[in-house]
Every structure is written in structure tokens, then in C-alpha cells.
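Results of the structural survey
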2 protein chains.
Amino acid sequence: MQTPRPPPEDLDKGPGHASIAQEALRVLLVQMGLREAPRRVGGGEPRTEGSGSGMGSERAKEKPWLLLCHALCFSLLKASAHTVELNDMFGQIQSPGYPDSYPSDSEVTWNITVPEGFRIKLYFMHFNLESSYLCEYDYVKVETEDQVLATFCGRETTDTEQTPGQEVVLSPGSFMSVTFRSDFSNEERYTGFDAHYMAVDVDECKEREDEELSCDHYCHNYIGGYYCSCRFGYILHTDNRTCRVECSDNLFTQRTGLITSPDYPNPYPKSSECLYNIELEEGFMVSLQFEDIFDIEDHPEVPCPYDYIKIKAGAKVLGPFCGEKAPEPISTQSHSVQILFRSDNSGENRGWRLSYRAAGNECPELQPPVHGKIEPLQATYSFKDQVLISCDTGYKVLKVQGLPG
Amino acid sequence: MQTPRPPPEDLDKGPGHASIAQEALRVLLVQMGLREAPRRVGGGEPRTEGSGSGMGSERAKEKPWLLLCHALCFSLLKASAHTVELNDMFGQIQSPGYPDSYPSDSEVTWNITVPEGFRIKLYFMHFNLESSYLCEYDYVKVETEDQVLATFCGRETTDTEQTPGQEVVLSPGSFMSVTFRSDFSNEERYTGFDAHYMAVDVDECKEREDEELSCDHYCHNYIGGYYCSCRFGYILHTDNRTCRVECSDNLFTQRTGLITSPDYPNPYPKSSECLYNIELEEGFMVSLQFEDIFDIEDHPEVPCPYDYIKIKAGAKVLGPFCGEKAPEPISTQSHSVQILFRSDNSGENRGWRLSYRAAGNECPELQPPVHGKIEPLQATYSFKDQVLISCDTGYKVLKVQGLPG
């Protein structure tokens, strides 16, 4: 049985209160160049509200008296401005002094950072701030690095001001910043706010719409990330995303045959390199005939930059071929042909099918011997044709001449 | 931009295969008392299939020759039995040799353990096992410590056998064990299975039905746990679950007054200890009158074990009071009364309301002086009554006698 964890520490009670004064002192010392600026937990630029831009230690060496005055005035004005870095997976944020009313002229920023693969969900259980036109006096502002997600103030939503109510603010990424600000005069006593945040898992399998990043076959979401896997018979490519096939070891030794891209006529696998070897005895010549359905990813300007077929016949290389128009029939003039088919990591194309035929070289003209005959009797003979030479009765074969070995 | 993580390592290829033989050797050595049994990662009893019960090193000392024979036979029979401990938040499980067909006479158990606050989700992307009546030959069995969650075999679901199909197996707790077993003869070649598991967060806020464990006011689920918080004006008790109020500092000094339990007539807060002090000058006597609506959690046999009122008046202690019947009117005979109201961490009761009245002690009989009068003229006077004594014209007051100071 699991019991609830202690709730996250109230950041603005007890030690939190003390640190407002400490923060003001620290800001002052930093501005005077007497102390190092704090390093932000988790990397990134130090971010301290209340430290004016360009107020670094270099300028401090130039005009220390001006700086001291400026720093003092600034610090008195913004005595309560401070920043809290939060890196936990959940927590609670409350206005200073909560549940007592918040002080005037206060500013606190909470920077919430969760690991990549998570978003931040923020919602309010209590909200009671001074109302002002467009929240220009007191407000709670929720932001990312470059976008304001929400600005809240008041006690109830009006035409121009919004309270959070039951609303949940969800960060698009793994960072969210919440700023509370009160102006110089709080005539009524406002009790502030009580907010809670937590990391929520991003379901990359549902949200990835970019084909370049989503899984080719199966996507498995887990808390904090995702991974891809492939259908039976496929192998995950080293890009961890596309599914290739093992197709580099195809040998054809028959005189005729059919060769297709993998899964034809379904789209061929991505990230694959297929090799088809047609190997016949010397004396044959292979010709290739592509079928009409021919569909290999191409490009309008660059020739076959993604997927292609290349054909190597003896010393000749044909191709690359791609697009939707099948190549013309090819007489390779070779008994040994290698067909290389390569696909990249994107695209859905149906592939190709070809039939090949190996014809033997033509033999020199063949005449039946005197007092004999040749069976079968043909106009021409080619490599590997077999003939039966027989003699008329009373004669015998002395020498076979002019027939291929 | 986030790219997919490399998928979890295939546990039954490469090193996994080698370890089957290593495991058999290790089991043999353990049974012979020549090697220590492995300690299970994450605590608990070592669990090695193939080691017979009662085959510890003590018995090894008794009859080593018998043990050696037994161990050898057993090891040969169960050469492939081994156990894999998985402690990651996600991963992949495949039959031995996947995607090639699995070997005969093989047994592998994967023990998946995730942190508390999570469950384990298991599903199959490929499943192809020998079918047998009630899966008695080859099977995949999914279990917890004490419960079989599913048994799968075959290639398609029948009346007596079940394949996982799209089914997702969810563990009730944070442990799941998956066992694959093949029998001695696989005449056909079965390609086995490809399964994936991942930790899923338990939403304790939705699933906690036990009042003793759920949050009194607000529940906040986060990945891996939950915490409670309270409505504005309440304080979370140190039990991290119930919401109490601060009510120990109530002082009543008027002669009459109304006192109620917090939030009356709404249910009073849990885990609270309220103290109401009625303090009047010595000479007064406080009487208490409870109203009809009176509702304090009670018990049919034990007197007021949970919530109660106790009243301390001088040296007397009255109560505890609880239940649904208001106590009779109480004359405390004291000018100083403490009412203690205590509530425990459960129950929904409406509480109580009382009115008190402080009457002064009665004064001795008072007669108007001769040649004078008392105003106002009453039958009796009590403490703190004020009278005006005036003399008839021509007389003057010499001594005030018999009036309380």
C-alpha cells in the first residue's frame, strides 16, 4: 500500500521569506561587482530580475559611485524581486505569504524545468488577486522562453481579465516560467494564489506528425521518450526509425526469371540496399524487361537522388533509374548482371518488377553432313542448343565440325 | 527536436544466447555446491529455474554422487532454463532466437520490476507459437507474485487457447513475470514472439477508493506518486492526507455567546483539536446549552473513541460527549470553562453548536434603607448587578451594608 508523499515544500513560507531579503542583498552585491552572479541550476544563462542589463562588473570598475547609487535605488524599488529555479517533477507554487495576503511591490519568478520528453501542467487551487484593466497592476503570468501562455488577475473572469478557474496551462516544451507581481498599493487584502505543477509525459507516438521523425512501422511510447520497432521480417535501421530488409544476397542462375523489389506491389521498405545477381555461364547474354508498374521515388530536378536502380553488366553501368516510367528493355550483352536497388529513409513507392531472359550467343551456320542429318533442324543455333547428328545407314561420324563445344 | 531512442537490446540474441549455456553450467555448479547461488537484483529470494527444491549445499555434503547425477540429468533436461531480471522503465522481450524459430525444450523467465507507483503494461507485436490443448506444450505465461494474468499459445485464439492479439496485459502492481516455454519437440518451425513492456503511471487520485488512504480535500497525481493539499484556510495534517484547521485559540469573555464546531453546520474538519475558552470574572457561573443539531462521530460499543467534546469547568471534567444526541444543559458552577473538541482523521459529521450564559452568584437579601430607596427594586440581586441607593430628602448615606463589593 502506498501512502501519499509529503506535499512539496511551500516555497514562500519560512525559509522562502528569509530569502527575499537575502536575494535583494545578493543582487546589490552582484551589481556592485562584489559577488559573483549565481549560476542557474541546470545550465543556461543566469537570470536575476532586478539586475539591470549591462550592469556587470566591468562597468562597476568605471563608475562605482554611480553604480552604487543606481544599485541601491533599484534594489529598494524591487526589494522583493527574485527568481526560483525548480527542477523537480512536481511541486507547489504559492504567492508570498500565502495563505496570508501578499505584500505590495513584490515580484517572484519560478522557472520550472523538467527533462526532455515531458511537458509541464500547471493549475490553480486558489486564486485571489487585485483586479485591474488588462491585469496591469497585479498578475500571474505564465510563459515559455518566447511565448506568453496566460496572464491571470482578479477574482473572477471578466471581458478584459481572466482568472485561471479550472483551466490547466500546458507548456509546449519542457520549460515554463511563472511570474507573480504585485504593485505598490494593495488597499484590499488579497490572499494570492496556490498553484500546482507536474511533469506530464509526451506521447510522441500520437503527437509526431513529422514523417521524418516518426516511426516507420511501430511506435512505442514510454514515460520520458519513445522508440520504434519493425514488423516481423524487418530490421530496424541504425537511424532507429526506419525498417529495412535484408536483401543483398539474391542469386539467379536460371535462364529466365522474375525479380521484384521487396514487398512488390506494396511499397518497398525504406533504408534498404538490395542486390540481385544474375549469373549464367559465359556464352549467354541477359536481357531485362521491366513491367509497366514502375514507381521509384524521384526528384523533379536532380536525377534519382533518393531511391534508384543501377544495373551493372560486365564493365557497363546502366542507370540510375527512378520515377514512374519503366526503363526500355535492356540487352546487357553480358552473362553476369548485378541489379542494385537502393531506398532512402522516406517515401512510399510501389517499386518495380522485371523479367529477365538469357539467350545464348548465336552459333556459326550449321549444315548437315553429307550422308547424314541434324536433329532438330533449325535455321540458326545458339549457345547450349543441342543437336543430334546421325549418319545414313552404312556411314559413320568421323569428325564433328563447326558445332559449338 | 527529439529523436527516438535506440530500442531496448534484444535480450535473446548474441550475448543472450551465450548465457543460456553459461546458466546451465552455473546451475550445475550451484547444485554441486561449488558456487554460490546468484543474488537476485533488487532483493528477494534467488530464483533459478532448474535448481530443484531442497538441493542446497547442505545436502550436497551428504550424498555428492547422487547429487551430481541428479544435477547432471536435470541440467541436461532443462539446459535452456534461465531467468532474466529487468529493472528498466521499458523494454522488449523476444523468444529465444527471434525472428528465427525458437529452439525445443527451452524455458526463459523475465522478471520485470518497476518502482512503486507504476504498473507494467505488456503487449505483443508478433506471436507465433505451437498450439496445444490448454497451452500445455508451448506457452507464454504472464504472472504476478501470486496470480496468473494470462497464458498464451498458438497462432490464433480458439475456444481453449488464446493468443494475445491486440490485448494489453496490465499488472496490478509493480512486478510482472513473463515465462516462455517450449516442449521437447517442435516439428513445425514457430517464429515465437516479440513483446514490449513499459511502466505506466498509476493515477492514485482516481484509483484510491479507500477513504483511509485518499486525500481529504485535493489530490494531485504526478508520475510515480501523489500528494494531498487543502482548501484555502485549512492546513495539511502531518499525516499528509487530512486537512485540519487552526482552532486552539478561541477566547470568549462576554456573558453570553454562541460557539460552534468549525464550518458548522457543514461537516467539521478532520484531525483537528479545537479549544474554546470562556473566561469570566470570579463570581459568575457559566451554563451551557447545546442545540438540537448535534452530530459527532461515535462508536456503538466504545465511548467516543474517535471524535468528542470534553468540558473542563474548574476542577470538574465533563464528557467525553459524542453521538447524535445533544448533552443536557450543563450548569458548570464555574466562571472559567474550557471546551475541547477533537476530531480524528476520518468521518463526515455535522458537529455542534451551543449557547452559553454566565449568571452571577445570588446576593444576600437586600432591603432598602430606612428613609431611603434602592433602584431598580428587585426581588433578588446577583453578582455585578448595580443598584442605586438614595436617601430621602434631608438624610444622607452613612454606610452601605450587605451589598456585594
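None of the values given here were measured: they were computed from a predicted structure. (Residues numbered from 1 in each chain as written. Chains lettered and ligands numbered in written order. Predicted model: local features only at pLDDT ≥ 70, side-chain atom pairs only at ≥ 80, totals over all residues. Heavy atoms only, no water.)

1. Regarding the state of the cysteines
Covalent bonding between the sulfur atoms of two cysteines defines a disulfide. All names here are of chain A. A complete count under the given rule lists twelve disulfides over all chains for this structure. Note that Cys-205 is cross-linked by a disulfide to Cys-219, the S-S spacing being 2.0 Å. An S-S torsion of about -85° defines the bridge between Cys-205 and Cys-219 as left-handed. Residue Cys-205 is located in helix H4 (residues 204–207), and its partner Cys-219 is located in strand E10 (residues 218–222); the two are separated by 14 residues in the primary sequence. Looking at Cys-219, the relative accessible area reads 29%, which means it is partly exposed. (Disulfide = S-S within 2.5 Å. Helix = DSSP H or I, 4+ residues; strand = E, 2+ residues; numbered from the N terminus. Buried < 20%, exposed > 50% of the residue type's maximum accessible area, 1.4 Å probe, protein only.)

2. Some words on the packing of aromatic side chains
All names here are of chain A. Scanning the model with the defined rule gives 38 aromatic pairs over all chains in all. Ring plane angle 15° and centroid distance 6.3 Å describe the contact between Tyr-102 and Tyr-190, whose orientation is recorded as stacked. One end of the pair, Tyr-102, is in the loop between strand E2 (90–94) and strand E3 (106–113); the other, Tyr-190, is in the loop between strand E8 (175–182) and strand E9 (192–201), with 88 residues separating them in the sequence. The residues Tyr-102 and Tyr-190 share a single accessibility class, namely buried. (Phe/Tyr/Trp six-rings, centres within 6.5 Å; stacked < 30°, edge-to-face > 60°.)

3. Quick look at the nonpolar core
Grouped together as the largest cluster of nonpolar side chains are 56 residues, with contacts concentrated most on A:Ile93, A:Leu122, A:Phe193, B:Ile93, B:Leu122 and B:Phe193. Sequence-distant contacts of B:Leu122, defined by excluding residues within four places in its chain, comprise B:Ile93, B:Val142, B:Glu167, B:Val168, B:Val169, B:Met176, B:Val178, B:Ala195, B:His196 and B:Tyr197. (Core = buried A, V, L, I, M, F, W, Y, C linked by side-chain atoms within 4.5 Å. Contact = heavy atoms within 4.5 Å.)

4. Re the pattern of salt bridges
Summed over all chains, the structure comprises 16 salt bridges over all chains. A salt bridge links A:Glu348 to A:Lys270; the nearest nitrogen and oxygen atoms lie 3.0 Å apart. Taken together, the positions of A:Glu348 in the loop between strand E21 (336–342) and strand E22 (353–360) and A:Lys270 in the loop between strand E15 (256–260) and strand E16 (273–279) put the pair 78 residues apart, joining distant regions of the chain. A relative accessible area of 55% places A:Glu348 in the exposed class. Measuring nitrogen to oxygen at the nearest pair gives 3.1 Å for the salt bridge that ties B:Arg353 to B:Glu291. Highlighted residues: B:Arg353 in strand E22 (residues 353–360) and B:Glu291 in the loop between strand E17 (284–290) and strand E18 (308–313), separated in sequence by 62 residues. With relative accessibility at 28%, the residue B:Arg353 sits in the partly exposed group. Residue classification places B:Glu291 among the partly exposed positions, given a relative accessible area of 27%. (Salt bridge = Lys/Arg side-chain N within 4 Å of Asp/Glu carboxyl O.)

5. A few points about the confidence of the model for chain A
On average, residues of chain A score 80 in pLDDT, and 79% of them are at 70 or above. Overall, residues 10–79 of chain A carries pLDDT values under 50, and its contacts beyond four positions in sequence, including any with other chains, amount to 84 contacts. (pLDDT = per-residue confidence, 0-100.)

6. With respect to the sheet that holds strand E6 (residues 148–152) of chain B
Residues and elements named next belong to chain B. Spatial strand order, E1-E3-E8-E5-E6: five strands in an open sheet with mixed pairing. The sheet is open, and its two borders are formed by strand E1 (82–86) and E6, each paired with just one other strand. Averaged over all pairs of adjacent strands, the angle between strand axes in this sheet comes to 15°, irrespective of strand direction. The pairing of E1 with strand E3 (residues 106–113) spans five bridges and is classified as parallel. Bridge pairing in E3 links His-82 to Val-108. (Pairing = 2+ DSSP bridges. Axes fitted to C-alpha atoms, helices over the stretch in contact; angles between N-to-C directions.)

7. Description of the pairing of strand E8 (residues 175–182) of chain B
All names here are of chain B. Counting buried positions over the eight residues of E8 gives seven, a clear majority of the element. With eight bridges connecting them, E3 and E8 associate as antiparallel partners. Looking at E8, one finds that Ser-106 is bridged to Ser-182. Across five bridges, the pairing between strand E5 (residues 139–143) and E8 is antiparallel. When the bridges of E8 are listed, Lys-141 appears paired with Thr-179.

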